[in-house]
Number of protein chains: 2
Amino acid sequence: MSAGDGSKVRWAVIGTGNICSDFCAALKLVDNAETVAVAARELPKAQAFAKRFGIGKAYGSYDELARDRSLAVDVCYVGLINTKHKDVVCELLRNGRNVVCEKPLGMTVEEVKEMVKVARDNKSFLTEGFWTRHFPAFKKIDEIVSEGTIGRVSAIHCDFGFLAAQDSRTRLKELGGGAIYDIGCYTVQYATHLLGTPAKSWRPLSIAAAGVMDPVEQVDLNGGISMTFDDKSDPSARLRTLAVLHFGTDGRRSQTARILGDKGHVEVHRIMHCPTHVTCVLYTDGGSVRDDHTFELPAWRPGEGGIPEDFRFFFANSEGLAYEAERVGQCVKEGLLEMPECPLDESIAIAQIMQTAREQMGGQQMGE
Amino acid sequence: MSAGDGSKVRWAVIGTGNICSDFCAALKLVDNAETVAVAARELPKAQAFAKRFGIGKAYGSYDELARDRSLAVDVCYVGLINTKHKDVVCELLRNGRNVVCEKPLGMTVEEVKEMVKVARDNKSFLTEGFWTRHFPAFKKIDEIVSEGTIGRVSAIHCDFGFLAAQDSRTRLKELGGGAIYDIGCYTVQYATHLLGTPAKSWRPLSIAAAGVMDPVEQVDLNGGISMTFDDKSDPSARLRTLAVLHFGTDGRRSQTARILGDKGHVEVHRIMHCPTHVTCVLYTDGGSVRDDHTFELPAWRPGEGGIPEDFRFFFANSEGLAYEAERVGQCVKEGLLEMPECPLDESIAIAQIMQTAREQMGGQQMGE
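Residues numbered from 1 in each chain as written. Chains lettered and ligands numbered in written order. Predicted model: local features only at pLDDT ≥ 70, side-chain atom pairs only at ≥ 80, totals over all residues. Heavy atoms only, no water.

**Some remarks on the sheet that holds strand 9 (residues 220–229) of chain B**
All names here are of chain B.
So, point 1. With mixed pairing, eight strands are arranged side by side in an open sheet as 8-9-10-7-11-12-13-14. The sheet is open, and its two borders are formed by strand 8 (206–213) and strand 14 (288–294), each paired with just one other strand. Going from strand to strand, the sheet's axes swing by 10° on average, the running direction of each strand aside.
So, point 2. Relative to strand 13 (residues 277–283), strand 12 (residues 264–268) runs antiparallel, the two sharing five bridges. Opposite G264, over in strand 13, you have L282 as the bridge partner.
So, point 3. Its contacts with the sheet put helix 6 (residues 136–146) on strand 7 (153–161), strand 11 (256–261), strand 12, strand 13 and strand 14, and the angle it makes with strand 13 is roughly 20°. (Pairing = 2+ DSSP bridges. Helix = DSSP H or I, 4+ residues; strand = E, 2+ residues; numbered from the N terminus. Axes fitted to C-alpha atoms, helices over the stretch in contact; angles between N-to-C directions. Contact = heavy atoms within 4.5 Å.)

**Notes on helix 2 (residues 43–53) of chain B**
An α-helical segment advances 3.6 residues per turn. Residues three or four places apart therefore align on the same side.
Residues and elements named next belong to chain B.
So, point 1. Taken as a whole, helix 2 has its buried residues at A46, F49, A50 and F53. Seen along its axis, helix 2 keeps its buried residues to an arc of 100°; they face one direction. Exposed positions of helix 2 whose direction lies more than 90 degrees from the buried face are P44 and K51.
So, point 2. Downstream of helix 2 by a residue or two, G54 has a phi angle that is positive, lying close to 65°. (Buried < 20%, exposed > 50% of the residue type's maximum accessible area, 1.4 Å probe, protein only. Arc of directions from axis to C-beta.)

**Side note on the interface of chain B and chain A**
So, point 1. Taken together, the 58 residues of chain B in the interface contact 58 residues of chain A.
So, point 2. Together, the buried faces of chain B and chain A total about 4500 Å²; carbon and sulfur atoms form 59% of this surface.
So, point 3. Summed over the shared surface of chain B and chain A, the result is zero salt bridges.
So, point 4. For the pair chain B and chain A, the interface holds 15 residue pairs in polar contact (both at pLDDT 80 or more). (Buried area = accessible area lost by both parts, 1.4 Å probe. Salt bridge = Lys/Arg side-chain N within 4 Å of Asp/Glu carboxyl O. Polar contact = N/O pair within 3.5 Å; in protein donor to acceptor, adjacent residues only side chain to side chain.)

**Some details on the relation of the copies chain B and chain A**
So, point 1. For the pair chain B and chain A, the superposition axis carries a translation of 0.0 Å, the fit reaches an RMSD of 0.0 Å, and the rotation angle comes to 180°. Expressed as an axis order, the relation between the two copies is that of a two-fold axis. No C-alpha of chain B lies nearer the rotation axis than that of A208 of chain B, which sits 2.5 Å from it.
So, point 2. The overlap is high: 100% of the interface residues of chain B also sit at the interface in chain A, so the same surface is used on both sides. (Least-squares fit on C-alpha atoms with pLDDT ≥ 70 in both.)

**Examining the UniProt feature "domain: Gfo/Idh/MocA-like oxidoreductase N-terminal" (unreviewed entry) in chain A**
So, point 1. Feature annotation in UniProt places "domain: Gfo/Idh/MocA-like oxidoreductase N-terminal" (unreviewed entry) on residues 9–129 of chain A, given in this structure's numbering.
So, point 2. For residues 9–129 of chain A, the end-to-end C-alpha separation is 17 Å, with 41% helix and 21% strand making up the annotated structure. (UniProt positions renumbered as here; feature names shortened; annotations may be inferred.)

**Digging into the side chain of R327 of chain A**
All names here are of chain A.
So, point 1. Along the chain, R327 falls in helix 8 (residues 321–333).
So, point 2. The exposure class of R327 is buried, given its relative accessible area of 17%.
So, point 3. Reaching out from R327, the side chain makes a polar contact with the side chain of E341 at a distance of 2.5 Å.

Set out below in structure tokens:
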């Protein structure tokens, strides 16, 4: 399915909601990308979306796009509500399509494992859309940490979330709502990426979570997850590392992250899931030295490069979806079946952590 | 033991370490206070301390001070290492002394319960030295929250700690070390104070903690505690509230706290356990309005008012110990047996939370 060298990566977009609209616009900012098809639950919606973004083919069902042998497409972007991911993605994979699926990949560990199995069985590319990984600011964090600049990393900390409207999708069970799916997953992937290891399948050694459930909808509104990991820099060391993650849709968090080392720390300024500004603080005898790293988002203008005149990104920093789209394009061109920066075993670990956390929420009782 | 109206509150200081030195200097900033005695393990230490701070009586043992019938003292400040608190405080209480003891009150729930029982049996005043409670900035938080300015409080979040030297007391088991005792307790008392209620004995409904232990010393180096509470504003509501606490002695945390409501939030700027700057952020249709509240610490100068010429406070913002000292003085003058802002049942709850958290640290395992 990979495009030949020099040719553009042909994208299909599954869904026509806000995130799909943002993704389509971001694709316009990617040199090697073109969007050739879109699918919605109803044909008129797909047609309107196709017209708006200059997309050649519109489908009135996701499966129809998946199964259309006449459609040559290199990779599909799935931006549906969480409960739809598994079935739609599996159908795409079974039809030999490569897929980048919005986070969370599935609603349960079982769903995620099934999706990964179908991808591997069909030798299709699959990745969970953790766009965070592809931001230059996040790569700067990786560089600082992996080069040992801040010394041994002892802990990471994330504080992420916002105040959602009462009728927001994220607060409704039927629509796959829940703070951990929408918000918490971004904090979890910080932990697995920075503290986890392939040798341990990115899993923590221990996990402890509590959170608040909406008593009517039975979706989680917020949560705190604490996890310990082996020391990544020295797995034989008996000293562990810690991740403390706080997230919620019931109040405005600071949207920041912090990675703590014994020679310094990294401050990830808001917005931590799509960062453009990180500060590396190095400790000195007398105090500390701050080193700021800021990055411009991809530039764009309404009405230029195929972006509609009245277009505005719905989500903050959605221009940065272009980083992800470009990298996914490279992966499928190279014939990879997984994203090296975000492997499928890590997605399974993330699903396991979220499921364990959900099971624990409200379950831990006080001792005497 | 209460001084007559108009007379000064007579203090005894138990211990001569850094915190006792800071407390003694802070007492010089309190109008109604005078320090009349000091006790150390060795008489020369006590005498040197007494000379430095102009204290009339010096004792070479804590019990000697406690039992000296000739010593008229209104309240004793205990600033010893954590493992010594219980025995020394109980001896003081049994001899009819009023006591403010540095946090943590005891090493275990059992110790704290015993101390509280001895205080009540002997009708002596006892309080845990959570000086945080007495800072004007903390009272401003109370005011903002209790007046409903930020609406219904859904969650609080603390991120507190520093990078301690390897040979620091806080990292040594023998000296009662442990991040939760030194640092974590301050985050726990934010949660019990802001989310707990007397009706529930300040206890959470659930608690989940993980942390990293020093493999040699077996003291905790860091931790994350998540807790849920009944809704304080409406205990009959089925919607709970959340506290997420992150602390450690193995890296520089942001030293901040945040209280989240549905109409706004409060940012407690560093240093959250002795705050001088809080921002109340109120949400508007278009964004938010920020309202800053800053407070000057009590003023002092080396060489003035009985403070030695070469004196420097060892801990940050220790001038603020004067707030606590003044309030304790009022309490004992009024003949109170507990501090209304920091009751003993709350200290028991704090000890229960810390003990439960310590038991859980490293104990929660991943599900499949």
